[in-house]
2 protein chains.
Amino acid sequence: MKLAIYGYGNLGKGVEAAILQNPDMELVGIFTRRDPAALKTQTGAPVYAASTLPLYRDTIDVVLLCGGSATDLPEMTPQLAKDFCVIDSFDTHAKIPTHFAAVDAAAKEGGKLALISCGWDPGLFSLNRLYASAILPDGADYTFWGRGVSQGHSDAIRRIPGVIDARQYTVPIPAALEAVRSGKMPTLTTRQKHLRECYVVAKPDADKAAIETAIKTMPNYFADYDTTVTFISEEEMQNNHSALPHGGVVLRSGTTGLMGEHRHTIEYSLKLDSNPEFTASVLVAYARAIGRMAKRGVTGCCTVFDIAPADLSPLSGEQLRQSML
Amino acid sequence: MKLAIYGYGNLGKGVEAAILQNPDMELVGIFTRRDPAALKTQTGAPVYAASTLPLYRDTIDVVLLCGGSATDLPEMTPQLAKDFCVIDSFDTHAKIPTHFAAVDAAAKEGGKLALISCGWDPGLFSLNRLYASAILPDGADYTFWGRGVSQGHSDAIRRIPGVIDARQYTVPIPAALEAVRSGKMPTLTTRQKHLRECYVVAKPDADKAAIETAIKTMPNYFADYDTTVTFISEEEMQNNHSALPHGGVVLRSGTTGLMGEHRHTIEYSLKLDSNPEFTASVLVAYARAIGRMAKRGVTGCCTVFDIAPADLSPLSGEQLRQSML
């Protein structure tokens, strides 16, 4: 299967590495809106100008779009879905229905297949919410994120005057997790579920108390949480906070029996050393599915909900039944 | 969707209860090879003789086969798959390819759709092995079962002379679980992964030492494990060991990055108060999918690997994208 990477940030680099782990995959090239000559890739993969992508229409099975959800993907995915089978990791939950409609129309127009919102949340976590709620209809769902770096929250801190750099960790609160795991189906507030840990490098003359207040009172991002702010040096930031770990837990607990007398808990958890590399690995597995489904004539936009698990694996149905069922 | 239950043991009773939790499902009746007049159902659902099932060909969407894997299902599923869409929970892993071939031929002959080996293992655990291995190709898989009652091991003890009743709990060993969770990808022997805890009611004049030896040295079942044997009274058995809890964990840990420098762990776990009721809930959710796929014209035999998650849910694609993605 011939893949192309469109966009070469952390996610694009992760896809480049993930393709090497899959012998049935081949990287045609990396397409960038920057100057291709100035881009040095990790593996020596060829780099092309984004504008030349249409020339490769017949040599690419699936394009993996590695742009950001805020501004890149809402334009990029519908635009490219007319001419290519594409996958993106669009993660602005509230805007998924709009994005889906735009991509679906474009893909159908071009007779192509597109997959949006692929990764781990949205993605694998979504799958687990769906499976668990279909199996235990009388129950409650919980999603915890972390311990991990939230890029959005880190960026929000960086926009405060006097801040040079920042890293925000989302941390699930153990007592909340335990209450859910016990099967008691507790009602939990935002504050009861997660802490926010912030590490900030401030300018030498900055008003640290003002920065701390600005963070802790920031609506949507921090005001509803217990938040800690720790000022550190640039060296400390580089030495201790340059990785991008993440993860989290999806739990559903529910009851069965005529009187709801039996409790069950389904738990799915991820511990990730590198958020972008893991997301990239999910994209590459789903690229296999999209390539196969497109060959079977499926068109339009789909999500991870619409893809049969067997299509993700390089193994045949027979091999899967023998080795994994 | 109109469902029928074929076989009324613990699993059939669980399906009867699970159908009540799903407003889009209707139970047509319970079909039994026993005397229908002698069978009292939990909900007052009608009971029919198994031999009359063919009369209901046009009023049943899916038949849930609730027989045993040892002797019932290998005959029952291929036989009924000619005339009905069927689901079974066939769990003899080594015989799945043979069973699949027999059911596939029958279902194709009759233009029907069948799903075999549905439940949690095989079933949900299999799904998680597949998803995780497709996403992290450079890694290792681990499955732990328990703490829970193994019916097969309990039965094996009951066949020893002098034994009145027995209950065997499979118990994962915490140190092994922790080693796997750490991401170290350890190599673990059978003995290192699980303990076997046995509770036995012996006849008053039985030779307990001989029973204990017979259990601990039984090949395949106990000889490869550290096994504890505790003799208890019939009252204690009834009071403390009448439930059928189970569960377990599927883990995959693997690496990403050009040098395999980042570790990731994917963990899926179940804690179940009632093994048969939870299995029944899985069957009912998959019955929804089989009914829908059959209406779309899909025929032959499939497994959970071949079913897109969206087909399990009563929600529409739009509702799923809005609420769960």
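Residues numbered from 1 in each chain as written. Chains lettered and ligands numbered in written order. Predicted model: local features only at pLDDT ≥ 70, side-chain atom pairs only at ≥ 80, totals over all residues. Heavy atoms only, no water.

Peer 1: Can you break down the sheet that holds strand E14 (residues 300–302) of chain B residue by residue, with the values?
Peer 2: All names here are of chain B. Taking strand neighbours across the sheet as the criterion, the seven strands line up as E3-E2-E1-E4-E5-E6-E14 in an open arrangement whose pairing is parallel. The sheet is open, and its two borders are formed by strand E3 (47–49) and E14, each paired with just one other strand. Taken strand by strand, helix H2 (residues 72–81) contacts strand E1 (2–6), strand E4 (62–65), strand E5 (86–87) and strand E6 (113–115), and its axis lies near 175 degrees from that of E4. (Pairing = 2+ DSSP bridges. Helix = DSSP H or I, 4+ residues; strand = E, 2+ residues; numbered from the N terminus. Contact = heavy atoms within 4.5 Å. Axes fitted to C-alpha atoms, helices over the stretch in contact; angles between N-to-C directions.)

Peer 1: Could you give an account of the packing of aromatic side chains, with specific residues and numbers?
Peer 2: Residue and element names in this part refer to chain A. One pass over the full model with this rule turns up 13 aromatic pairs over all chains. Ring geometry for Phe125 and Tyr268: centres 6.1 Å apart, planes at 80 degrees, overall edge-to-face. Taken together, the residues span a long stretch of sequence, with Phe125 in helix H4 (residues 124–135) and Tyr268 in strand E13 (residues 262–272) at a distance of 143 residues. Neither Phe125 nor Tyr268 differs from the other in exposure class; each is buried. When the ring of Tyr169 is compared with that of Tyr199, the centres are 5.7 Å apart and the planes differ by 80 degrees; the resulting orientation is edge-to-face. Here Tyr169 is found in strand E9 (residues 163–172), whereas its partner Tyr199 is found in strand E10 (residues 194–202), with 30 residues between them in sequence. Note on accessibility: Tyr169 and Tyr199 belong to one class, buried. Aromatic ring contacts, followed pair by pair, group Phe31, Tyr48 and Tyr56 into a single cluster. Lying over the aromatic face of Tyr169, Arg147 brings its terminal NZ or CZ to 4.3 Å of the ring centre. (Phe/Tyr/Trp six-rings, centres within 6.5 Å; stacked < 30°, edge-to-face > 60°. Buried < 20%, exposed > 50% of the residue type's maximum accessible area, 1.4 Å probe, protein only. Lys NZ or Arg CZ within 6 Å of the ring centre and 35° of its normal.)

Peer 1: How would you sum up the interface of chain A and chain B? Please name residues and give values.
Peer 2: Contact with chain A, which involves 67 residues of that partner, is made by 67 residues of chain B. For the pair chain A and chain B, the two sides together bury roughly 5,900 Å², of which 64% comes from carbon and sulfur. Our enumeration of links across chain A and chain B arrives at zero salt bridges. Where chain A packs against chain B, one counts 29 residue pairs in polar contact (both at pLDDT 80 or more). Breaking the side of chain A that touches chain B down by element, the ones donating at least two residues are helix H1 (10–20), helix H3 (96–110), H4, strand E12 (246–256), E13, helix H10 (275–295) and helix H11 (317–323) of chain A. Examining the composition of the side of chain A that touches chain B, we find that 11 residues originate from one element, E13(A), more than from any other. Residues of the side of chain A that touches chain B, tallied by class, amount to 33 nonpolar, 22 polar and 12 charged. When E13(A) meets strand E13 (residues 262–272) of chain B, the two strands line up antiparallel, connected through nine bridges. When the sheet's bridge partners are listed, A:Ile266 is paired in E13(B) with B:Leu270. (Buried area = accessible area lost by both parts, 1.4 Å probe. Salt bridge = Lys/Arg side-chain N within 4 Å of Asp/Glu carboxyl O. Polar contact = N/O pair within 3.5 Å; in protein donor to acceptor, adjacent residues only side chain to side chain. Nonpolar A, V, L, I, M, F, W, Y, C, P; charged D, E, K, R; others polar.)

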